[in-house]
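Letter by letter, the chains look like this.
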Amino acid sequence: QVQVAESGGGLVQPGGSLRLSCTFSNTTVGINDLGWYLQAPGQRREAVARIAVSGRHVYADSATGRFTISRDNAKNTLFLQMNDLKPEDTGVYYCNVITNNWRSYWGQGTQVTVSS
């Protein structure tokens, strides 16, 4: 079992910035994939940014150039730096962890609202 918890969401004006954090519990198995997903109001959950098993960082078109995903292996923490935020970025952001035995774990989400 891997426990996942997101934090750092809040209310921000268009053009502002937020830094989301995701902590996950220590595990004896390795990590294959880490990612951030957005569920906008009334919409299905969609990938925003992820770190693949190769180490490659992959971004949705809407996030490219504005968002940066990173990780701290020693602290079992994943980050999402979000700059130049737009109202369309509003929704619940979820952290996803996939272990090297291909099990998937999700956090409870953190709310981000971009509005003037």
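In what follows, the accompanying structure is described. (Residues numbered from 1 in each chain as written. Predicted model: local features only at pLDDT ≥ 70, side-chain atom pairs only at ≥ 80, totals over all residues. Heavy atoms only, no water.)

**Some points on the state of the cysteines**
Right, on to step 1. In this structure the tally under the stated criterion is one disulfide.
Right, on to step 2. A sulfur-sulfur distance of 2.1 Å marks the disulfide that ties Cys 22 to Cys 95. Judged by the sign of its S-S torsion, about -75°, the bond between Cys 22 and Cys 95 is left-handed. Separated by 73 residues along the polypeptide, Cys 22 in strand β3 (residues 18-24) and Cys 95 in strand β9 (residues 91-99) bring together distant segments of the chain. The residues Cys 22 and Cys 95 share a single accessibility class, namely buried. (Disulfide = S-S within 2.5 Å. Helix = DSSP H or I, 4+ residues; strand = E, 2+ residues; numbered from the N terminus. Buried < 20%, exposed > 50% of the residue type's maximum accessible area, 1.4 Å probe, protein only.)

**A word on unusual backbone geometry**
Right, on to step 1. One non-glycine residue with positive phi stands out, namely Asp 84, at about 50°.
Right, on to step 2. Here Asp 84 is to be found in the loop between β8 (77-82) and β9.
Right, on to step 3. On the accessibility criterion, Asp 84 (42% relative accessible area) is partly exposed.
Right, on to step 4. Positive phi, normally seen in glycine, also occurs at Trp 102, with a value near 65°.
Right, on to step 5. Relative to the assigned elements, Trp 102 resides in the loop between β9 and β10 (104-106).
Right, on to step 6. Exposure remark for Trp 102: the relative accessible area of 66% places this residue in the exposed category.

**Brief notes about the packing of aromatic side chains**
Right, on to step 1. Within the structure shown, the criterion is met by one aromatic pair.
Right, on to step 2. Cation over ring: Arg 19 sits above Phe 79, and NZ or CZ is 4.2 Å from the ring centre.
Right, on to step 3. Its end group placed over the ring of Tyr 94, Arg 45 keeps NZ or CZ at 3.6 Å from the ring centre. (Phe/Tyr/Trp six-rings, centres within 6.5 Å; stacked < 30°, edge-to-face > 60°. Lys NZ or Arg CZ within 6 Å of the ring centre and 35° of its normal.)

**Let's talk about the pairing of strand β5 (residues 46-51)**
Right, on to step 1. In this structure, strand β4 (residues 31-39) lies alongside β5, joined through five bridges in antiparallel fashion. For Gly 35, the partnering residue across the bridge sits in β5 and is Arg 50.
Right, on to step 2. Counting the residues in the hairpin turn of β4 and β5 gives six residues, including Gly 42, whose phi is positive at 75°.
Right, on to step 3. As judged from the three bridges shared by β5 and strand β6 (residues 57-59), these two strands associate in the antiparallel manner. Bridging from a neighbouring strand, Ala 49 pairs with Tyr 59 of β6.
Right, on to step 4. Turn length for the β5-β6 hairpin, with the two strands adjacent in sequence and antiparallel, is five residues, and the turn residue Gly 55 shows positive phi of about 95°. (Pairing = 2+ DSSP bridges.)

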